[in-house]
Structure formats: C-alpha cells, structure tokens
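Below are the chains, spelled out letter by letter.
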Amino acid sequence: SSIVAKLCLKETGQLERLIYETVLPELPLPKLEFYGTVASEDPAMDWVFVEDAGDERYSPNLEAHRHAAAEWIATLHTSGKTLPELQRLPDRGPAHYLTHLRSARQRIQASRSNTVITSDQRTVLDRVDAYLELFEDSWNELKQLCRTMPRTLAHGDWAGKNARFRSTEGRRALVVFDWETAGRG
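Residue indices begin from 1 for each chain and proceed along its sequence in written order. In keeping with the model being predicted, local features are shown solely for residues with a pLDDT of at least 70 and side-chain atom pairs are shown and tallied solely at 80 or more, while totals for entire chains, interfaces and linings include all residues. Note: side-chain values were computed over all heavy atoms of the structure, leaving out hydrogens and water.

Asker: An account of the pattern of salt bridges is requested, with residue identities and associated values reported.
Answerer: The salt bridge definition used is simple: a Lys or Arg side-chain nitrogen within 4 Å of an Asp or Glu carboxyl oxygen. Counted under the stated rule, the structure contains 14 salt bridges. Among the ionic pairs, Glu-180 bridges to Lys-6, the shortest N-O distance being 2.5 Å. Of this pair, Glu-180 sits in the loop between β7 (171-176) and β8 (183-184) while Lys-6 sits in strand β1 (residues 3-9), placing them 174 residues apart in sequence. A salt bridge links Arg-112 to Asp-126; the shortest N-O distance between them is 2.6 Å. Taken together, the residues span a long stretch of sequence, with Arg-112 in the loop between α3 (94-111) and α4 (119-137) and Asp-126 in helix α4 at a distance of 14 residues. Buried means the residue's accessible area, taken with a 1.4 Å probe over protein chains only, is under 20% of the maximum for its type, while exposed means over 50%, and partly exposed covers the values in between. Classification of Asp-126 by relative accessible area gives partly exposed; the value is 33%. Per the convention used, a helix needs a DSSP run of H or I reaching at least four residues, while a strand needs a run of E reaching at least two, with both numbered from the N terminus.

Encoded structure:
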C-alpha cells in the first residue's frame, strides 16, 4: 500500500506512535496501518510512517458522510473512556482549550497595531475577540458541564482534512488520521 511519511516534533511522533500502536488496536474502529517512527537528522524531530488513507475525502455536504462521522465519533468517545492507556495521553480538558482561547485573544490584541491590517479586517478581528471574550466569560459554566461527562479519548483535530473513506474487504469505512493533538478530555 501507499505510505505517508510525516516529519514532526519528536513529542508528536511519540504521541502518534502511542495512539496507532497501543490505543487504536483496542477500539472497534477502522484504522490505518502504522509502520513506525524513525529519528530524523534533527534530534528534535521524528518521521512517522502510516498507511495512506486514500483519496475519497470526507464531505460535510453529504448526509452519508455526516452519518458515518457521527457514528465514528460516538464509537471513539464511548469505547475510548475505558482504555487503560487513557492516563498516558495528554490532558485535553477545558484548561487546555482555555489556554488556546487566551492565546488567540492575545494574538488578536497584538495584531491591532499592525499597519497592514485594513479597517474592515480590524472590525472582523474585534468581532472575533468579542465572541472569544464571551466564551472566556462563560468558561466556568463549560467546566461545570465537562465535569458531568466521563473523560475519554478525543482526536483533538477532527476535520474533513483528517478523514477519508475507503473500501476494505468489501466494506466502505471512514478512517481518521493525524492524531497529533489527541488526548483525554
């Protein structure tokens, strides 16, 4: 089969290796073949080798694709919560995402003084920042809601770019890849 070689930070390569070798085999989901990691010439980087998922991209415009995605996510979240390996994964709970939200707001603030940004673009940034401020102001409510949910495996970057359909043994299946932001959340 075709192989995808991905150069990434060593930490990312180690996480993907853990997911592909230890976590995914325990889940009732279609998965890609993992061929391993190799250190790169840069000591901070690794190469990750995974089976190519194919060319049929996920499309949110297709009802069958949305249904398959909902099924895939539900299976991931319900079966992932009992994995013993869950504790070895990075924390992807509310605190992790609050850090991202605050970082985005800081970058928006810093960009306000950029003279290349037009007034229309500044208006959009201001609107986005206002929405992010509302989210941040409501963060305790979100944390409370999350406390009522079991911790489980989360992909962290589920998007059409990281999902493909393929046929294996006469069955059409959704496969998801790029687990570099996965964790427990």
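Once you've had a look at it, read on.
Asker: If you had to explain the packing of aromatic side chains to someone new, which residues and values would you point to?
Answerer: Two aromatic rings, drawn from Phe, Tyr or Trp (for Trp, its six-membered ring), form a pair once their centres lie within 6.5 Å of each other, and the interplanar angle then sorts them: stacked below 30 degrees, edge-to-face above 60, tilted otherwise. The full count for this structure, using the stated rule, is three aromatic pairs. Summarising the aromatic geometry, the rings of Trp-72 and Trp-179 are spaced 6.0 Å apart at their centres and angled 45 degrees between planes, so their arrangement reads as tilted. Residue Trp-72 is located in helix α2 (residues 63-80), and its partner Trp-179 is located in the loop between β7 and β8; the two are separated by 107 residues in the primary sequence. The class of Trp-179 is buried, set by a relative accessible area of 1%. A ring has a charge above it when a Lys NZ or an Arg CZ is no more than 6 Å from the ring centre and no more than 35 degrees off the ring normal. Seen from the ring of Phe-165, Arg-172 lies directly overhead, with NZ or CZ sitting 4.5 Å from the centre.

Asker: Would you mind going over the sheet that holds β7 in detail, with residue names and values included?
Answerer: At least two bridges found by DSSP between two strands are what make those strands a pair. As summarised here, the arrangement of the three strands in space is β4-β6-β7, forming an open sheet in which the pairing is antiparallel. Strands with a single pairing partner mark the edges of an open sheet, and in this sheet they are β4 (56-57) and β7. Where β4 lies against strand β6 (residues 163-168), two bridges are found, and the strand directions are antiparallel. Looking across to β6, one finds that Glu-56 is bridged to Phe-165. Of the strands in this sheet, β4, β6 and β7 are in contact with α2, which crosses β7 at around 60 degrees. Pairs of residues are marked as contacts when any of their non-hydrogen atoms sit within 4.5 Å. Fitted lines through C-alpha atoms give the axes, limited to the stretch in contact for helices. The angle between two N-to-C directions lies from 0 to 180 degrees.

Asker: Give a description of a nonpolar patch on the surface that names residues and reports values.
Answerer: Each patch is built from residues lacking any salt bridge and having more than 30% relative accessible area; the joining distance is 9 Å for like charges and 5 Å for nonpolar side chains (Val, Leu, Ile, Met, Phe, Trp, Tyr). To measure how exposed things are, a 1.4 Å probe is used in the Shrake-Rupley method; for residues, cover is taken only from the protein chains shown. Together, Tyr-131, Leu-134 and Phe-135 make up a nonpolar patch on the protein surface, roughly 360 Å² of accessible area in all. Examined against the element boundaries, Tyr-131 turns out to sit in helix α4.

Asker: Before we move on, could you go through the pairing of β7 and cite the residues and values that matter?
Answerer: Regular strands place side chains that alternate from one sheet face to the opposite one. Sheet topology note: the β6/β7 ladder contains six bridges and is antiparallel. Pairing of Ser-167 across the sheet is with Arg-172, part of β7. Hairpin connection from β6 to β7: two residues lie between these consecutive antiparallel strands, with Glu-169 at a positive phi of about 50 degrees.

Asker: Describe the environment of Leu-24, listing the residues and the values that go with them.
Answerer: With respect to the element layout, Leu-24 can be found in the loop between α1 (10-23) and β2 (34-39). Counting along the chain gives 129 residues from Leu-24 to Leu-153, while the straight-line C-alpha distance between them is 10 Å. Discounting residues that sit within four places of it in the chain, Leu-24 has contacts with Ile-19, Lys-31 and Trp-179.

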